[in-house]
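# Per-entry structural report
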Amino acid sequence: MNTKNNRLRTWTEQRTIQIPQLFFQFYKELNIEDDEALIVMHLLAFHVEGNDFPTPTDLMNRLTMPSNDITSRLQRLMQKGFLEITRDVDSNGTLYEKYSVYPLWERILQIIEMKEQKNSAATLRQEEGEVFRLFEEEMGRLLSPLELEKIGFWLDEDKHSAALIKEALKEAVFAGKLSIRYIDRILLEWKKKNITTPQAAHKQGEQFREKQSLNRPPTRALQQETQSTNRVPFYNWLEERE
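Computed from a prediction, not measured in an experiment: that's the story for all the values here.

## A word on the overall build of the chain
The helix and strand tally for the chain stands at eleven helices and two strands. Along the chain direction, N to C, the helices and strands of the chain fall in the order α-α-α-α-α-β-β-α-α-α-α-α-α. In the chain, buried positions account for 29% of the 242 residues. A fraction of 55% describes how many contacts in the chain between residues 6 or more apart in sequence connect residues 24 or more apart. Of the roughly 16,400 Å² of accessible surface on the chain, 49% is carried by carbon and sulfur atoms.

Below is the structure:
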């Protein structure tokens, strides 16, 4: 019984082979065959054991593949750009060669980055589509070609975010001046002031309205309306220019 426990302790205390989970997720997508993936895992195991350049014979002692098949698979991994032979110098100054799977990890990271970019692009297209839908919803009609072009210009040329354009639309709705020209003026003012987020735009609008409220005492009727709705009148973005 003690012998069995000693063996179990020996097994469990063996060094663990670190194989990134991402390798199992993506090696099929990289067109790596199962037998090639097995070669990669054995190379990682040899690396942990201190052997960075195992021979086909070393690998054959652990695999059920003939030496020629192992050699061809190693060559195939290198041809595909997943494996490379690099040179290094040991502590004694001796030059030696070793296998490196670093190119494989780079390819996996490229796939992840591409997927993230596609997801970001899809999200951006969805947000931009939502902008057009909101404009039509607030205006109660389909947008004209010129209006569509102008909104597209805000997105593509002026590089306004969909969220910022929505905030400008909200300003126009509350001000009762729902027009593309009025919203364009709002966005122009924000661009001049380097306002790029809806939070900053909202704060700027509040400051405008607060200043307007202080500088222009409301009439009795406006006082009653303001008190009943508990709101400050919205800033007229065009009144100083019209």
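## Notes on the side chain of Glu-36
Checked against the element boundaries, Glu-36 lands in helix α3 (residues 34-48). On the accessibility criterion, Glu-36 (0% relative accessible area) is buried. Apart from the residues within four sequence positions on either side, Glu-36 is in contact with Asn-31, Arg-73, Arg-76, Leu-77 and Lys-80.

## So, the nonpolar core
Ile-32, Ile-39, Leu-74 and Leu-104 are the most contacted members of the largest nonpolar core, which has 25 residues in total. Elements represented by at least two residues in this core include exactly α2 (21-26), α3, α5 (67-79) and α6 (102-139). Sequence-distant contacts of Leu-74, that is, excluding residues within four places in its chain, are made with Ile-39, Leu-43, Leu-59, Leu-83 and Tyr-99. Grouped together as the second largest cluster of nonpolar side chains are 22 residues, Leu-155, Ala-172, Tyr-182 and Ile-183 included.

## A few points about the pattern of salt bridges
In total, this model carries 14 salt bridges according to the counting rule given. Close ionic contact of Glu-36 with Lys-80 constitutes a salt bridge, the shortest N to O distance being 3.0 Å. One end of the pair, Glu-36, is in helix α3; the other, Lys-80, is in the loop between α5 and β1 (84-89), with 44 residues separating them in the sequence. Bridged by salt links that share partners, the residues Asp-35, Glu-36, Arg-73, Arg-76 and Lys-80 form one connected network.

## Quick word on the confidence of the model for the chain
The share of residues in the chain with pLDDT of 70 or more is 83%, and the mean pLDDT across the chain is 85. Least confident of the elements in the chain is helix α11 (residues 220-229), whose mean pLDDT is 46; most confident is α5, at 96. Counting contacts from residues 225-235, a segment whose pLDDT is below 50, to residues more than four positions away or on other chains yields 20 contacts.

## Let's talk about unusual backbone geometry
Even without being a glycine, Lys-159 presents a positive backbone phi close to 60°. For Lys-159, the location among the structural elements is in the loop between α7 (145-156) and α8 (162-175). The backbone of Asn-194 sits at a positive phi, close to 60°, despite the residue not being glycine. Along the chain, Asn-194 turns up in the loop between α9 (180-192) and α10 (198-215).

Definitions and cut-offs
Residues numbered from 1 in each chain as written. Predicted model: local features only at pLDDT ≥ 70, side-chain atom pairs only at ≥ 80, totals over all residues. Heavy atoms only, no water. Helix = DSSP H or I, 4+ residues; strand = E, 2+ residues; numbered from the N terminus. Buried < 20%, exposed > 50% of the residue type's maximum accessible area, 1.4 Å probe, protein only. Contact = heavy atoms within 4.5 Å. Areas by Shrake-Rupley, 256 points an atom, 1.4 Å probe, with all protein chains shown as cover. Core = buried A, V, L, I, M, F, W, Y, C linked by side-chain atoms within 4.5 Å. Salt bridge = Lys/Arg side-chain N within 4 Å of Asp/Glu carboxyl O. pLDDT = per-residue confidence, 0-100.

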